[in-house]
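# Structural characterization, general
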Amino acid sequence: MSTLLDRRLIVVTGKGGVGKTTVAAALGLAAARSGRRTLVCEVASQERITTTFGVAAAGFEEVEIEPRLHAFSVNPDEAIQEWLRYQLHSRTLAGLLGGSRIFQYLAAAAPGLAELVTVGKVWELAQLERKTPRSAPYDIVIVDAPATGHGLALLRAPQTFREVARVGPINRQAGIIDAFVRDPSTTAVLAVTLAEEMPVSETLDLERRLQDELSMRLDRVLVNSVLPERLTAADRDTLKAVDGSGSSTARAAIAASLATHQTIRAQRTQLARLRRGTDARVATLPHLLTPDVGRDDLERLSRALEQKL
Amino acid sequence: MSGDVEVALKGKTVVICAGSGGVGKTTTSAAIAAGLAASGRKVIVLTIDPARRLADALGLPEDGNTEHLVDPSRLAAAGLNGDGELWAMTLDAKLTFDELIERNAADAETRDAVLRNPIYRQLSGAVAGSQEYMAMEKLYELHESGRYDLVVLDTPPTRNALDFLDAPGRLSRFIDSRSLQFFRASGRASLGLVGRGAGALFSVLKRATGMDLLRDLADFFNAFGDMAEGFRDRARRVEALLREDRTTFLLVTSPRSAAIADADYFHRKLNETGMPFGGVIVNRVREHVRATAGPKLEHELSELVDARLAQKVLRDLEDHNRLAAGDSHSVEQLRAGMGGDLLIVVPELSGDVHDLDGLAAMAKRLFS
């Protein structure tokens, strides 16, 4: 855990629906508990982190939601405005340009500009010398990034702009951001997955693409929602032998237990496949057994995380 | 209302399966197409990024944008026999974009200039945005070909539903003639040929962005020039197809709360934007087991197995029913939000569905 939390930036990605937001929030909780001034940052967001903590949406503003734990939500439109203000050293000029149709055409036309300003804002949040006036630095910034493909697009954007804008301020800034996100001593990419076939495949694919397209390493894989394995093979055989006898409720209970066991076996197969295929460290997280993750569940998950990393 | 997907698809020729990632959208799309083929229709399912084993099960070739007939004997072996035909294709977004340029370019020179331009290469290769539009473009193409009774589209995984619905509009705006004029003018601006107003704005842009990006953009729009009208016209027709009566959107979701929230949001947006909504399919719903972990059951179990194993079964049962209760809560929440619209519950099938037998099992649940 210590080595992971000593990074300035942790990018949490993975297939849709695997619990990225929950894991990012739990990681934030663990970091804050360790005494670090922590920011959890949502991207393309529906403000799910603040919802989980039961506080008002943060928006494009750094809000302390618990001691040492802050939340923020990046929105590309506001990030572009902020970037223009910084770029032109003038709020008026930035407003004029940002509001002009022509600039909006440029923003729409330049592929990946939204991703660039988003990752640029994330970079700024993770700096010891903040550019945002009257803002304190964070020890660690945890980004709840979009799903795999779009998450990669985010990490790739600075490189893209270095190539497209061969000289000038965009080229220079993109270079600085690119170096930061690709330096393993400052930034770690963490994949969240489930012990199921498609999420595992997508995780392995992510690792390959990180390497091929960005020369980046996947730092860790967190396998979410792993069910507790109770039955041994002998237990299963015993249950199978008695299945069909006894009261109807006993039969139903045994059937449920056997079905759960089958799911767990499938999880183990996928977990083994993941461990064989990845160079990253793999840790499992327990299933929370609840559809709506609340503050208590996050606490439980963050304690489990602490022990696993 | 609960029921059969057949009802939602009556008279439809285009089916768009939408929803967030990880809910079994690709599998559901394939199962719907397989079910329709089994009932005698000639159907093609256009998938975005199928799992290898599902692709293998369908016999999909590695190359994208290839129409492939799924072997009828393999379908029949899985119990999906019928008079129809099941076709499948994996989308290659970049290739689709390149083909569009080829079709619209006036001559080979223009075509090559666009295909070589760094802005175009970034744009067409970008995951965000162009994939969504190209999926619709290919859908339109397959539909217009008249070769199929129905086209089923598996949409790219988007966190934000609007990204997908808005794709044709965004492309239209991107190639809007005003922006074309501006960038063509700014290409000349470096030669000092534009008026003072545009010149001032151009100098601000130059300060903010650097020169080369603008020049590439200007080159791109210059080369793109005469194609713009064709593109815009196409985007308009694609968007019109999405709104037609013969098109329907099916929302695919799982009972996990994040997916439910996305589905609810998408449903609202579809209604707001006047898109035709067919219903929602909730996958992977765990069913409640009619047994309660208590002394009575413990006693009943201990007559069959030893006390240690009985305890394990009780705890497994508790976990299972806790998961099932959560799922059923989510489904009811979703049902309340859907009003009277069609809602189909597909119970959790053991393991991931990645073979034709699995598809057949799923199709059976969808076409009850």
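Just so you know, these numbers come straight off a predicted model, no measurement behind them. (Residues numbered from 1 in each chain as written. Chains lettered and ligands numbered in written order. Predicted model: local features only at pLDDT ≥ 70, side-chain atom pairs only at ≥ 80, totals over all residues.)

### Brief notes about the overall build of chain B
Operational definition: Runs of H or I in DSSP of at least four residues are treated as helices and runs of E of at least two as strands, each being numbered from the N terminus. Whether a residue is buried, exposed or partly exposed follows from its count of other C-beta atoms within 10 Å of its own C-beta, namely 20 or more, 12 or fewer, or something in between, respectively; the C-beta atoms are built from the backbone. Here, residues touch in the contact sense if the C-beta positions derived from the backbone fall within 7 Å of one another.
Each helix and strand in chain B was counted, giving 18 helices and eight strands. By residue count, 49% of the 368 residues in chain B fall in the buried class. Restricting to contacts in chain B with at least 6 residues of sequence separation, those with at least 24 account for 79%.

### Focus on the overall build of chain A
A tally of regular secondary structure across chain A gives 13 helices and eight strands. Dimensions of chain A, computed from C-alpha atoms along their principal axes, come out at roughly 80 × 40 × 35 Å. In chain A, which comprises 309 residues, the proportion classed as buried is 50%. For chain A, long-range pairs separated by at least 24 residues make up 70% of all intrachain contacts whose partners lie at least 6 apart in sequence.

### As for the environment of A:Asp144
Residues and elements named next belong to chain A. On the secondary structure map, Asp 144 appears in strand E5 (residues 140-144). We classify Asp 144 as buried; it has 29 C-beta atoms within 10 Å. Counting along the chain gives 104 residues from Asp 144 to Val 40, while the straight-line C-alpha distance between them is 7.2 Å. Beyond its immediate chain neighbours, meaning those up to four positions away, Asp 144 contacts Val 12, Lys 20, Thr 21, Ala 24, Val 40, Cys 41, Glu 42, Val 43 and Ile 49.

### Describing the confidence of the model for chain B
All names here are of chain B. The following threshold applies: Confidence of the predictor at the level of single residues is given by pLDDT, which spans 0 to 100.
Residues of chain B with pLDDT of at least 70 account for 82%, and the chain-wide mean is 82. Between residues 190-197, whose pLDDT stays under 50, and residues either more than four places distant or in other chains, the model counts five contacts. Confidence estimates for the predicted assembly give a pTM of 0.78 and an ipTM of 0.79.

### A short note on the pairing of strand E8 (residues 343-347) of chain B
All names here are of chain B. To keep it simple, the criterion reads: Here, any two strands with at least 2 DSSP bridges between them count as paired.
A one-sided burial pattern is seen for E8, the buried positions being Ile 344 and Val 346 and the unburied ones Leu 343, Val 345 and Pro 347. When strand E7 (residues 277-285) meets E8, the two strands line up parallel, connected through four bridges. Considered in E8, the bridge of Val 285 is made with Pro 347.

### Focus: the environment of B:Gly279
Considering the arrangement of structural elements, one finds B:Gly279 in strand E7. A count of 22 C-beta atoms within 10 Å places B:Gly279 in the buried class.

### Let's talk about the packing of helix H2 (residues 20-33) of chain A against helix H13 (residues 295-308) of chain A
Residues and elements named next belong to chain A. What counts here: Axis definition: a line fit to C-alpha positions, over the contact stretch in the case of helices; interaxial angles, taken between N-to-C directions, run 0 to 180 degrees. These descriptions rest on fixed angle ranges, namely under 35 degrees for roughly parallel, over 145 for roughly antiparallel, 65 to 115 for roughly perpendicular, and the rest for oblique. When residues are sorted by character, Ala, Val, Leu, Ile, Met, Phe, Trp, Tyr, Cys and Pro go into the nonpolar class, Asp, Glu, Lys and Arg into the charged class, and all the rest, Gly among them, into the polar class.
Running from N to C, H2 and H13 cross one another at 70°; their axes reach a closest spacing of 8 Å. Here H2 lies roughly perpendicular to H13, going by the angle between them. Contact with H2, carried on its side by Thr 22, Ala 25, Ala 26, Leu 27, Leu 29 and Ala 30, involves Leu 298, Glu 299, Leu 301, Ser 302, Leu 305 and Glu 306 of H13 and no other residues of that element. When the residues that make up the contact of H2 with H13 are grouped by side-chain class, the tally is eight nonpolar, two polar and two charged.

### Some remarks on the sheet that holds strand E7 (residues 218-226) of chain A
Residue and element names in this part refer to chain A. Strand order in this open sheet of eight strands is E3-E4-E2-E5-E1-E6-E7-E8, and the pairing throughout is mixed. Looking along the sheet, the strands with just one partner apiece sit at the ends: strand E3 (63-66) and strand E8 (281-286). Across the sheet, the axes of successive neighbouring strands diverge by a mean angle of 25°, strand direction being ignored. Of the strand pairs in this sheet, E7 and E8 are connected by five bridges, and their pairing is parallel. Across the sheet, Val 223 pairs through a bridge with Thr 284, a residue of E8.

### A word on helix H9 (residues 168-181) of chain A
All names here are of chain A. This is how it is decided: To estimate the expected span of a helix, count its residues, drop one, and scale the result by 1.5 Å. It is the directions from the helix axis to the C-beta atoms that the arc portrays.
Its 14 residues give H9 an end-to-end C-alpha distance of 20 Å, which sits within 8% of 20 Å, the value for a rise of 1.5 Å per residue. When H9 is considered as a whole, its buried residues turn out to be Ile 170, Gln 173, Ala 174, Ile 177, Asp 178 and Val 181. Buried residues of H9, seen end-on, are gathered within an arc of 140° and therefore sit on one face of the element.

### Structural notes on the sheet that holds strand E4 (residues 85-90) of chain B
Residues and elements named next belong to chain B. The strand order across the open sheet formed by eight strands is E3-E4-E2-E5-E1-E6-E7-E8, and the pairing between neighbours is mixed. Each of the sheet's edge strands pairs with one partner strand only, and the pair in question is strand E3 (68-69) and E8. Where strand E1 (residues 14-18) meets strand E5 (residues 150-154), four bridges bridge the pair, whose relative direction is parallel. Its bridge partner being in E5, Val 15 is matched across the sheet by Val 152. The strands that helix H17 (residues 307-338) touches are E7 and E8; relative to E7, the one it contacts most, it runs at about 175°.

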